[in-house]
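Fold and geometry: a report
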Amino acid sequence: MKYYSYLILVTILLFTSCSKIGNKGELVGVRGQKWIAKKPYGMELIPSGSFVMGKTNKDIGNVGMEAVKTVTVQSFYMDDTEITNAEYRQFVHWVRDSIVRTKLAILADELGLTTEDGGIGDYSFKDIDTVGMTPYQKFRFFNALPDDDNPYSLYSLNNDIDLIWDTDDFPDEYYAEVMDEVFIDASESFNGRRAMKINELKYKFSSFDVEAASKSPGSDRNEFIKREVVKVYPDTTVWIKDFSYSYIEPMHNDYFWHDAYSEYPVVGVSWDQARAFCNWRTKIKNDQLKVKGEQTVSTYRLPTEAEWEYAARGGIDGAMFPWGGPYMIADNGCFMANFKPARGDYAADSALFTVEARSFAPNDYNLYNMSGNVSEWTNSSYAYNAYDYASTLNPTVGSDNSEYKVIRGGSWKDIAYFLQVNTRDYEHKDSVHSYIGFRTVQDYMGDPTTVKKN
């Protein structure tokens, strides 16, 4: 009996002790990892606010979009420029390198080669150290469901060694065999250049339809997970397709890959390709943060139509253009944006096609080319009467299943009307053109370091 009395006393003391050391019986909440808000690279913070969305000026295009509505948007970050060729090229190269490394690792595994053998063995999968695993890691490893599409899904690629692209430096014939698979046949090359099989450059990602899930409570979560495979290489033929009976081959041949155009906006990208880029950008950032043990960031995404218009106005009430308006020429006699000033005259603004993404003066939110240069994809679906039923708080219309998406801003081949910040336009989501690009946004979650502690 004394033993049990002693045990009860010790238990009480332990609980009392923990209470004194911990929350002292008060409601203190549960906190996760330490988090500090950081401004994303290449983005500007757009403060929350309200504005009159829509055509407050005369609808000279006679497109019936003169409806207006006062709406409010939350704070968000937005790219200060359109996504450039160099930035999108980083995405393409990541996909390309992942595919090549996977092919090299699989062949090395089939041949039974490891890093000790050198050559292609240097690119073999990293060994899975089951001895050093935690109990949970072992459980996941030995009980994970098999992936029929990728039997190597549990193995890690060796990213510590650089890929070799110069054929003279290939380490062995097995490496050459893999590289020969990813490039087009030598008989199809011209000008001594052998291109990659761009149709094989595919990015796989998943998205979750929150809207559909919210309307079907209790349903299986897997019903709302959409697994997508998107070809990532931009369609460089858009220059020729968009302009029949025109000598425009140099843009087709050089625009995307040549360093002369690295800082120009990427074009020939569909709405789904733009979304895939957003997913990839989120992945590479959060993968790095997880390795460092830091809190992950919210997803990068395409802006809603309301966010785009609000940001384009730059905080100027009733602005017709990002600089205010209504004129296209500044006091010094120079044009304010890249567009087509007159019928058939593309060069009057000193730019024949697109210009570098950081051209002309930015608006008051420090955003460049919100009008002109290239039109930009938004996340919103197009609906003729969208303003009539869209919410007044963070309004957007449609879902991923809608075929037509809103584009904004006008482009280098458009007249001034389409450059107005309140002009709506749209394209089929599979459309690719030499005058449509995009920029991304990220939700602003506030800065906890500014919160005062009592």
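These remarks concern the structure in this document. (Residues numbered from 1 in each chain as written. Predicted model: local features only at pLDDT ≥ 70, side-chain atom pairs only at ≥ 80, totals over all residues. Heavy atoms only, no water.)

**Regarding the overall build of the chain**
Let me state the cut-off plainly: Put simply, DSSP H or I for four residues or longer makes a helix, DSSP E for two residues or longer makes a strand, and each gets a number counted from the N terminus. A 1.4 Å probe rolled over the protein chains alone gives each residue an accessible area, and that area as a share of the maximum for its type sets the label: buried under 20%, exposed over 50%, partly exposed in between. Any two residues having at least one pair of non-hydrogen atoms within 4.5 Å are treated as being in contact. Accessibility throughout is a Shrake-Rupley quantity obtained with a 1.4 Å probe, and a residue counts as covered only by protein chains that appear here.
Secondary structure assignment for the chain yields 10 helices and 12 strands. In the chain, buried positions account for 39% of the 454 residues. Within the chain, contacts between residues at least 6 apart in sequence are counted, and of these 71% link residues at least 24 apart. Of the roughly 26200 Å² of accessible surface on the chain, a fraction of 52% belongs to carbon and sulfur atoms.

**Let's talk about the packing of helix 2 (residues 85–111) against helix 8 (residues 271–291)**
Applicable threshold: To obtain an axis, a line is fitted to C-alpha atoms, over the contacting stretch when the element is a helix, and the angle between two such axes runs from 0 to 180 degrees between their N-to-C directions. Throughout, the term roughly parallel applies to angles under 35 degrees, roughly antiparallel to angles over 145, roughly perpendicular to angles from 65 to 115, and oblique to all others. Under the convention adopted here, Pro, Cys and the residues Ala, Val, Leu, Ile, Met, Phe, Trp and Tyr are nonpolar, Asp, Glu, Lys and Arg are charged, and Gly plus all remaining residues are polar.
Closest axis-to-axis distance for the helix 2/helix 8 pair is 11 Å, and the angle between their directions is 75°. Taken together, helix 2 and helix 8 sit at an angle that is classed as roughly perpendicular. In this structure, helix 2 contributes Glu 87, Tyr 88, Gln 90, Phe 91 and Trp 94 to the contact, and helix 8 contributes Gln 273, Ala 276, Phe 277, Trp 280, Lys 283 and Ile 284. Class assignment for the residues of the contact of helix 2 with helix 8 results in seven nonpolar, two polar and two charged.

**Focus: the environment of Tyr 175**
Applied cut-off: N or O atoms within 3.5 Å of each other form a polar contact, as long as, within protein, one can give a hydrogen and the other can take it, and as long as residues adjacent in sequence are counted only when both atoms are side-chain atoms.
Looking at the element boundaries, Tyr 175 is found in helix 4 (residues 173–182). Judged by its relative accessible area of 0%, Tyr 175 is buried. Placed 56 residues apart in sequence, Tyr 175 and Gly 119 show a C-alpha to C-alpha distance of 7.4 Å. Excluding its chain neighbours within four sequence positions, the residues that come into contact with Tyr 175 are Leu 104, Ile 120, Tyr 123, Leu 163, Ile 164 and Phe 170. A polar contact of 2.7 Å, which involves the side chain of Tyr 175, links it to the backbone nitrogen of Ile 164.

**Structural notes on the side chain of Ser 411**
The topology assignment puts Ser 411 in the loop between strand 9 (404–408) and strand 10 (425–428). Owing to a relative accessible area of 0%, Ser 411 belongs among the buried residues under this scheme. If we skip the residues at most four places from it in the chain, Ser 411 touches Asn 338, Phe 339, Gly 372, Asn 373, Val 374, Ser 375, Leu 419 and Tyr 435.

**What to know about the pattern of salt bridges**
Put simply, the rule is: When a carboxyl oxygen of Asp or Glu is within 4 Å of a side-chain nitrogen of Lys or Arg, the pair counts as a salt bridge.
The tally for this structure, following the rule as stated, stands at 21 salt bridges. Ionic pairing is found between Lys 39 and Glu 44, a salt bridge with its closest N-O pair at 3.4 Å. Owing to a relative accessible area of 52%, Lys 39 belongs among the exposed residues under this scheme. Three or more residues are tied together by salt bridges with common partners; here these are Glu 305, Glu 309, Arg 313, Arg 408 and Arg 424.

**Quick word on helix 2**
Residues that lie three or four places apart on an α-helix share one face, since the helix turns once every 3.6 residues. Heads up, the rule is: Residue count minus one, scaled by 1.5 Å, sets the expected span of a helix.
Taking 1.5 Å of rise per residue, the 27 residues of helix 2 would be expected to cover 39 Å, and the 38 Å separating its terminal C-alpha atoms lies within 8% of that figure. Where helix 2 terminates, the next one or two residues include Gly 112, which has phi positive at roughly 75°.

**Description of the nonpolar core**
What counts is decided by this rule: Definition of nonpolar core: a set of buried residues of the types Ala, Val, Leu, Ile, Met, Phe, Trp, Tyr and Cys, connected through side-chain atoms within 4.5 Å.
By size, the foremost hydrophobic cluster in this structure holds 49 residues, and its most contacted members are Tyr 88, Phe 91 and Phe 438. Put simply, the parts of the chain that give this core at least two residues each are helix 2, helix 4, strand 5 (202–208), helix 6 (238–242) and helix 8. No other element matches the eight residues that helix 2 contributes to this core. If near-sequence neighbours (up to four positions away) are discounted, Phe 91 is found in contact with Tyr 203, Val 232, Gln 273, Ala 276, Phe 277 and Trp 280.

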